Amino acid sequence: MLLQNKKIAIIGGGPGGLTLARLLQLKGADVKVYERDENRHVRLQGATLDLHYESGLKAIEAAGLMDAFKANYRPDNDRYRVMDENGNVFHDDHAKESTGAFGDEFFRPQIDRGPLRDILLDALEPETMVWDSHIVSVENKNNVWEINFKNGNVATADIVIGADGANSKIRPFVTPIKPIYSGVTYLVCNIPKSGKNARKLHELVKGGKISAMAHSQTLFLSAKGDGSLDFYIGWKAAENWAVESGIDFKDNKQVLEWFKKEFASWDSMWLELFNYDETEFVVRPLYGMPLDQYWETNPNITLIGDAAHLLPPNGEGVNSAMLDALYLSENLNNEKFTDIKEAISDYEKQMFERFADEGKETAEMMEWMYSPDGLKIMVELFHQMPN
Ligand SMILES: Cc1cc2nc3c(=O)[nH]c(=O)nc-3n(C[C@H](O)[C@H](O)[C@H](O)COP(=O)(O)OP(=O)(O)OC[C@H]3O[C@@H](n4cnc5c(N)ncnc54)[C@H](O)[C@@H]3O)c2cc1C
């Protein structure tokens, strides 16, 4: 058995890391997850996610968690409306009787990040999670990894798996290749109690999602299960726009003035997004790894999820991270490999191939989405989808 008497450290308790921990524990492996969040109650940022038949749902099934998923997913949250800058509707899933059912290849059930994390956490053995563990570096000492934390603690492991997301601290120990800026920046925000704090837009989103597009600019709205509304504003910007703009992002009046100028052709109905005084605006320049990235396999350290293959948001990120977890766990338990390095190498080979394909599609998507024809192409794509 490849993992016999091996201690595995997974760095990062996102969807990728937690899925991997669960899948490895099902096979009896000795796993710890080191997560920088203080505890499981930290509020997770980010809109509702859809899991896909061939990736995220496949991993959930393999993890034996489909019943828990079905008890927590958000039926009808997968209904999209596609609009222009004036709120004219070009596609509306609300007109459909059904968006599909479990087992359908094209059914993409939605779940909030919090409940997804809870399902995975609840499935882990007690003491698996080591919260409040912000990793700063790792060091290989005679084939044992020493893991160093910001708080001065040190842990050891035989195998390290970096699942610590876009700004991975583990990635530099695997490869020097760095992410590249895509040319597009998101302003990411959340309005709590949107039924009260952004009533009209709350009604417009109808408990689902809105993609509004015009003039190479985007506005994505997503209703969350806690009654809040997430929105992402996307446009082409310089990489260090946040600093250059001189905007104080704690002052929503300043952000509103910027929006009025930058999105000048957009209807005033969208300005309601800036009414709530306490909105926290997070600027996210979107990065992606180079599509031809490659590294020589290491004997006992590897990466999954965004740490391995970050891309601008394409609706696949969580799904790809969970699929990595599934493939890596299968390989690490597959007796056909003579050692751990061979199992990792096979995982990385197919991960690079999947990433190259997905990365190409994402680059094309970013190109059309932030072009003057973005709305037209988006609508065509929706109309090509099976009913
Ligand atoms: C604006 C936006 C919208 C998106 N929308 C979607 C979507 O709709 N659908 C979709 O599938 N994907 C979406 N994505 C992408 C998705 O969020 C990621 O691809 C996915 O979360 C990657 O999962 P992961 O487990 O690899 O990493 P993450 O989810 O980033 O998890 C990493 C974990 O590691 C922890 N961590 C980080 N650094 C350290 C450290 N030094 N020490 C210890 N712990 C650490 C973090 O706290 C976190 O818990 C979106 C991304 C963005 C930016």
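Residues numbered from 1 in each chain as written. Predicted model: local features only at pLDDT ≥ 70, side-chain atom pairs only at ≥ 80, totals over all residues. Heavy atoms only, no water.

Caption draft 1: Structural detail: the overall build of the protein. Helix and strand counts for the protein stand at twelve helices and 17 strands. Its C-alpha radius of gyration of 21 Å places the protein within 12% of the 21 Å reference for a compact globule of 387 residues. For the C-alpha atoms alone, the extent of the protein along its principal axes is close to 60 × 50 × 40 Å. Counted over contacts in the protein with a minimum sequence separation of 6, partners at least 24 positions apart contribute 72%. On the protein, roughly 18100 Å² of surface is accessible, and the fraction owed to carbon and sulfur atoms is 48%. Considering the protein, the positive charge centre built from 41 side chains and the negative charge centre built from 60 side chains are found 3 Å apart. (Helix = DSSP H or I, 4+ residues; strand = E, 2+ residues; numbered from the N terminus. Rg over C-alpha atoms; globule rule 2.2 N^0.38 Å. Contact = heavy atoms within 4.5 Å. Areas by Shrake-Rupley, 256 points an atom, 1.4 Å probe, with all protein chains shown as cover. Lys, Arg positive; Asp, Glu negative; His and termini not counted. Charge placed at Lys NZ, Arg CZ, Asp CG, Glu CD.)

Caption draft 2: Quick look at empty space enclosed by the protein. Across all of its chains, the model carries one cavity of 30 Å³ or more by this definition. Here the largest cavity is characterised by a volume of approximately 40 Å³. Where the lining of the largest cavity is concerned, the elements lending two or more residues are helix H10 (317-332) and helix H11 (340-369). Partitioned by chemical class, the residues of the lining of the largest cavity number three nonpolar, two polar and three charged. (1 Å grid on protein atoms, 1.4 Å probe; cavity = no way out; pocket = protein on both sides within 12 Å on 5 of 7 lines; lining within 4 Å. Points joined across faces, edges and corners; volume = space filled by probe spheres on them. Nonpolar A, V, L, I, M, F, W, Y, C, P; charged D, E, K, R; others polar.)

Caption draft 3: Looking closely at the packing of aromatic side chains. With the rule as written, the count across this model stands at 24 aromatic pairs. Where Tyr 80 meets Phe 382, the ring centres are 5.6 Å apart and the plane angle is 45 degrees; that geometry is what we call tilted. With a gap of 302 residues between them, Tyr 80 in strand E4 (residues 80-83) and Phe 382 in helix H12 (residues 374-384) connect regions that are remote in the sequence. With a centroid separation of 5.3 Å and 55 degrees between ring planes, the pair formed by Trp 241 and Trp 258 is classed as tilted. (Phe/Tyr/Trp six-rings, centres within 6.5 Å; stacked < 30°, edge-to-face > 60°.)

Caption draft 4: Structural context of the pattern of salt bridges. Scanning the entire structure with this criterion turns up 16 salt bridges. With a shortest N-O distance of 3.5 Å, Arg 117 and Glu 35 are connected by a salt bridge. On the criterion of sequence distance, the pair formed by Arg 117 in helix H4 (residues 113-122) and Glu 35 in the loop between strand E2 (30-34) and strand E3 (49-50) is long-range, its members being 82 residues apart. Just as Arg 117 is buried, Glu 35 falls in that class too. (Salt bridge = Lys/Arg side-chain N within 4 Å of Asp/Glu carboxyl O. Buried < 20%, exposed > 50% of the residue type's maximum accessible area, 1.4 Å probe, protein only.)

Caption draft 5: Quick peek at unusual backbone geometry. Of note in this structure, Asn 5 is not a glycine but carries a positive phi near 60 degrees. When you line up the elements, Asn 5 lands in the segment before strand E1 (7-11). Of note, the phi angle at Asn 143 is positive, near 70 degrees, even though the residue is not glycine. For Asn 143, the position within the fold is in the loop between strand E8 (135-141) and strand E9 (144-149). Residue classification places Asn 143 among the exposed positions, given a relative accessible area of 51%.

Caption draft 6: Representation of the environment of Glu 316 within the structure. Along the polypeptide, Glu 316 turns up in the loop between helix H9 (306-309) and H10. On the basis of relative accessibility, which here comes to 21%, the residue Glu 316 falls in the partly exposed class. For the pair formed by Glu 316 and Arg 199, sequence separation is 117 residues and the distance between their alpha carbons is 30 Å. Ignoring anything within four residues of it in the chain, the contact list for Glu 316 reads His 52, Arg 108 and Glu 358.

Caption draft 7: Highlighting the site of the ligand. Around the ligand, the surrounding shell holds 31 residues, and the nearest of these are Gly 16, Glu 35, Arg 113, Asp 306 and Val 318. Here an oxygen atom of the ligand and a side-chain polar atom of Arg 113 are 2.9 Å apart. Asp 306 places a side-chain nitrogen or oxygen 2.8 Å from an oxygen atom of the ligand. Notes on the ligand: free accessible area 1000 Å², of which the protein chains cover 87%. Those elements that provide at least two residues to the shell around the ligand are helix H1 (15-26), H4 and H10. If one sorts the elements of the shell around the ligand by residue count, H10 sits on top with four residues. Of the residues belonging to the shell around the ligand, the class tally is ten nonpolar, eleven polar and ten charged. Looking at the shell around the ligand, you find at least three residues from each of domain 1 (7-74 + 111-176 + 289-369) and domain 2 (180-288). (Near = heavy atom within 4 Å. Polar contact = N/O pair within 3.5 Å; in protein donor to acceptor, adjacent residues only side chain to side chain. Domains from an automatic or database assignment.)

Caption draft 8: Representation of the pairing of E2. Both E1 and E2 contribute to a ladder of five bridges, which runs parallel. In the strand pairing of E2, Ile 11 is matched with Tyr 34. Traced from E1 through H1 to E2, the parallel crossover comes out right-handed. (Pairing = 2+ DSSP bridges. Right-handed = clockwise from strand over helix to strand, strands pointing away.)

Caption draft 9: Focus on the nonpolar core. Grouped together as the largest cluster of nonpolar side chains are 65 residues, with contacts concentrated most on Ile 8, Ile 10, Leu 24, Ile 147 and Leu 332. Tallying contributions element by element places H10 first for this core, with seven residues. Leaving out residues up to four positions away in the same chain, Ile 147 has contacts with Ala 9, Ile 11, Tyr 34, Ile 135, Ser 137, Val 138, Asn 153, Val 154, Ala 155, Ala 157 and Val 160. One finds Val 205, Ala 214, Leu 219 and Leu 256 within the second-largest nonpolar core, a separate group that totals 33 residues. (Core = buried A, V, L, I, M, F, W, Y, C linked by side-chain atoms within 4.5 Å.)

Caption draft 10: Seen up close, the sheet that holds E9. The strand order across the open sheet formed by three strands is E8-E9-E10, and the pairing between neighbours is antiparallel. Of all strands in the sheet, those with a lone pairing partner are E8 and strand E10 (154-157), marking the two edges. For this sheet the average axis-to-axis angle between neighbouring strands, irrespective of direction, equals 25 degrees. Here E9 runs beside E10; their pairing, made up of four bridges, is antiparallel. Bridge pairing in E10 places Ile 147 opposite Ala 155. (Axes fitted to C-alpha atoms, helices over the stretch in contact; angles between N-to-C directions.)

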